[in-house]
Amino acid sequence: MSEQDPCIASVATGSSGSSAASVATGSFASSAVSASSTASASSVAGRRRRCAVVGLGARARMFTEALTGPYSDRIELVGFCDVNARRMAVHNGWIAADHPGREPVPAYAAEDFEVMLRRERVDLVVVCSVDRTHDDYIVRALEAGCDVVTEKPMTTDADKARRILDARRRTGGDVRVAFNYRYNPVHSAVREVIAAGEIGEVGSVHFEWLLDLRHGADYFRRWHRDKANSGGLMVHKATHHFDLVNWWLGTQPETVFAQGGLFFYGEEAGKRRGLARPYVRAHGTAAAEGDPFAVRLAESEVLRALYLEAEVEDGYHRDQNVFGSGVSIEDDMAVLVRYASGASLTYHLTAYSPWEGYRVAFNGSEGRLELLVEESTWTRPDVRDDGASPVMHGSAVGDDAGRTELLLRRFWERPREVKVGGGEGAAEGGHGGGDVRMLADLFGPRSGGDALGRAADAVDGARSLVTGLAANESFETGLPVRVRDLLDV
């Protein structure tokens, strides 16, 4: 559930089956074959692939550490590209500290993206830039003959999604979307239980996602607060969740109806509840002292280096007032989806919860499957942290750590807990171990196929995106939206 957090400045633009068992041998098998033969980012013709990373915010660090560490024997990191030179220098500093004697990765300004691709003979581009710029980099990389790994969401609107899909068809290049939640062992277990027919044909899914006051608030401090940058939480955040449902059920959305609004954050709500304080950004502002919703960049080595000390170049403030003006995204959203398989989804996203986690329940013709994931049981009022953000993604520790439970309730049988191997998320890394498994799939050697079809391509990216886009339209019109009218994928 990780969030990229790069700079804010703009960039120059240059079928469904009726049963779970049928899903297992249908679209998933096809997806796995496609992924294993195309976009694993392994060595080519006996040499290391040459990779560049564009967008050097906090999220990029996961990729740069992987490419200069465990996968450096297969892939050579040869280029950085960003609108902010300071951030690229920070990443090079981290790499030098981890790998003494290594030459710095060549750094290029955003307007020199194609120059970098040619000069460094790039084979693979990893896109971690602001969401609204993803399509620009993806298309330009494909047109230059590169393959692409992009952070989610793949893009932010239907026209951009069509542009990416068209470029992929024209060029024959590969696009992988970094849906790390597919690789979380408990999510894989859900997929296996449903595909095995343990609950029969799935009729409905109930899905509630809760962001706590630490994590949820962070979207309202950053560039995500502007819907033009992120598509709102229906796109930036819920793309993960809609992708999981598509993948779990092996189907795609047909009709979406949604309601949502700004209930807790923003200027009006802050004033109404007495939470508003008179500051624009927290750093150096007396009014922000003692505010539990403020993040203190100077007290985190990572945030200070990546953002506070980089402000001079692009003016991006990572610590804006969550109850200030300029918030155009929603914080409380309800969605009803009808799928091609006949199943329905009721989904709710709340960005101001006292605890962090999610509940998912699948109702089937032979029983019910229930997943509970508590990523934190309560929210500490002080968000001071020396990590990349004041957010813990599925790896909470200490007295706020939660639990994970997967329960199978078949008709006429006692409930049975499905045990999931692989250890705890905190021990395995972010997203319940999803990050490390995804990186291995993206950059490591492939031994055999992917029976679960976890590798996500551009079509998967578009299908996860379109539910959120339809929800956003339904927010505005108050009417149901046919997905095909927005994007036919």
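Below or above, wherever it landed, is the structure these notes cover.

Rules and cut-offs
Residues numbered from 1 in each chain as written. Predicted model: local features only at pLDDT ≥ 70, side-chain atom pairs only at ≥ 80, totals over all residues. Heavy atoms only, no water. Helix = DSSP H or I, 4+ residues; strand = E, 2+ residues; numbered from the N terminus. Buried < 20%, exposed > 50% of the residue type's maximum accessible area, 1.4 Å probe, protein only. Phe/Tyr/Trp six-rings, centres within 6.5 Å; stacked < 30°, edge-to-face > 60°. Lys NZ or Arg CZ within 6 Å of the ring centre and 35° of its normal. Expected span 1.5 Å × (residues − 1). Contact = heavy atoms within 4.5 Å. Polar contact = N/O pair within 3.5 Å; in protein donor to acceptor, adjacent residues only side chain to side chain. Axes fitted to C-alpha atoms, helices over the stretch in contact; angles between N-to-C directions. Parallel < 35°, antiparallel > 145°, perpendicular 65-115°, else oblique. Nonpolar A, V, L, I, M, F, W, Y, C, P; charged D, E, K, R; others polar.

### As for unusual backbone geometry
The residue after K152, namely P153, is reached through a cis peptide bond having omega -15°. Relative to the helices and strands, P153 is located in the loop between β5 (147-150) and α7 (158-171). In this model, R121 sits at a positive phi of 50°, which is unusual for a non-glycine residue. Here R121 is to be found in the loop between α5 (113-119) and β4 (124-127). Of note, the phi angle at W412 is positive, near 65°, even though the residue is not glycine. Tracing the backbone shows W412 in the loop between β13 (404-410) and β14 (416-417). Residue classification places W412 among the exposed residues on the basis of a relative accessible area of 87%.

### Looking at the packing of aromatic side chains
With the rule as written, the count across this model stands at 21 aromatic pairs. When the centroid spacing of 5.2 Å and the interplanar angle of 15° are considered together, the rings of F264 and Y352 count as stacked. You can see F264 sitting in the loop between β8 (253-261) and α13 (267-272) and its partner Y352 sitting in strand β10 (residues 344-353), a full 88 residues away along the chain. Chaining the aromatic ring pairs together yields one cluster made of Y181, F207, W209, F242, W248, Y347, Y358 and F362. A cation over an aromatic ring shows up here: R61 above the ring of W94, its NZ or CZ 3.8 Å from the ring centre. One cation-aromatic arrangement involves R273 over F263; the distance from NZ or CZ to the ring centre is 4.3 Å.

### Focus: α7
Because the α-helix completes a turn every 3.6 residues, residues three or four places apart line up on one side. Between its first and last C-alpha, α7 extends 20 Å over 14 residues, near the 20 Å set by a 1.5 Å rise per residue. Taken residue by residue, α7 has A158, K160, A161, I164, L165 and A167 as its buried positions. In this fold, the buried residues of α7 make contact with α6 (134-143), α18 (458-477) and α19 (483-486). Sitting at the amino-terminal end of α7 is D157, which places a side-chain oxygen 3.1 Å from the backbone nitrogen of D159. One or two positions beyond α7, positive phi appears at G172, with a value near 75°.

### So, the packing of α7 against α18
With their axes 10 Å apart at the nearest point, α7 and α18 run at an angle of 170° to one another. By the angle class used here, α7 and α18 are roughly antiparallel. Contact with α7, carried on its side by A158, A161, I164, L165 and R168, involves A458, V459, A462, L465 and L469 of α18 and no other residues of that element. A breakdown of the residues in the contact of α7 with α18 according to their chemical character gives nine nonpolar, no polar and one charged.

### A closer look at helix α8 (residues 185-195)
Across the 11 residues of α8, 10 count as buried, placing the element largely inside the fold. Those residues of α8 lying buried are P185, V186, H187, S188, A189, V190, R191, V193, I194 and A195. Capping the start of α8, N184 holds a side-chain oxygen 3.1 Å from the backbone nitrogen of V186, two or three residues further along. Just downstream of α8, G197 is the residue with a positive phi angle, here 80°.

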